[in-house]
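Results of the structural survey
Here are the chains, one letter per residue:
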Amino acid sequence: LIVDMNQVCITHSFDFLGHHAVLYHFIEVDALMLGFTVMVSLRSLSQCQQTQAEIDTHAAEAPPFSLLGDPAEEIRKQLEHRLINGVRAMRAYDQLTNQVSFKMLPFLNVFDFFWQVCGWVIFFDT
C-alpha cells in the first residue's frame, strides 16, 4: 500500500466507486473505527478502576464486628456496609452501559465486519 500510494484503485465489483483511490478511504475508516473502539474501551477501563478503588477504600473502612454489643445491630451494620459497596458497583455499571458510545460498540463491530469484507473485495479485485 505504501509503495503504490499514488496508484488509482480500479475495481469492477463496485462500479459506483469508479476509478478512485478507494482502498485508502477504506483503511481510513477502519482506523477511525479502531480508534473509537480503543477510546471507549480505555474510558470504560478507567471508570471501572476508579469504582474499584472507591469500593476498596470503603471496604477497608469496615466497622469492626463486636461480640459485646447487640448481635442484630452488628449484623445490620456489616450488611449495610456491604450493600453500599454493591450499590457503588451497580451504579458504575449502569452509568457505563447507558453511555451512547458504549451502546454503539456492537453495531460498530458488525458494520466493521462488512466494511472489511468490502475492502478485501476491492483489494483482491484491483
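Above this note sits the structure.
To start, this report covers the structure provided alongside it. (Residues numbered from 1 in each chain as written. Predicted model: local features only at pLDDT ≥ 70, side-chain atom pairs only at ≥ 80, totals over all residues. Heavy atoms only, no water.)

Focus: the overall build of the protein
Worth spelling out the cut-off: A run of DSSP states H or I qualifies as a helix once it reaches four residues; a run of E qualifies as a strand once it reaches two. Both are numbered from the N-terminal end. The cut-offs for exposure are 20% and 50% of the maximum accessible area for each residue type, with area from a 1.4 Å probe on protein chains only; residues under the lower value are buried, those over the upper are exposed, and the others partly exposed. Residue contacts are defined here by distance: any two heavy atoms, one from each residue, within 4.5 Å place the two residues in contact. The Shrake-Rupley method, run with a 1.4 Å probe sphere, supplies the accessible areas, and residue values consider only the shown protein chains as cover.
In terms of regular secondary structure, the protein is built from three helices and two strands. Along the protein, helices and strands appear, N-terminal first, in the series β-β-α-α-α. Of all 126 residues assigned to the protein, the portion counted as buried reaches 21%. Considering only residue pairs separated by 6 or more positions, the protein has 66% of its internal contacts joining residues 24 or more positions apart. On the protein, roughly 9,500 Å² of surface is accessible, and the fraction owed to carbon and sulfur atoms is 68%.

Remarks on a nonpolar patch on the surface
Selection rule: In this analysis, a patch consists of residues with relative accessible area above 30% that form no salt bridge, clustered at 9 Å for like charges and at 5 Å for the nonpolar side chains Val, Leu, Ile, Met, Phe, Trp and Tyr. Any carboxyl oxygen of Asp or Glu that lies within 4 Å of a side-chain nitrogen of Lys or Arg is treated as forming a salt bridge with it.
A cluster of nonpolar side chains, contributed by V110, F113, F114, V117 and V121, occupies part of the molecular surface with about 450 Å² of accessible area. Position of F114 relative to the elements: it lies in helix α3 (residues 100-125).

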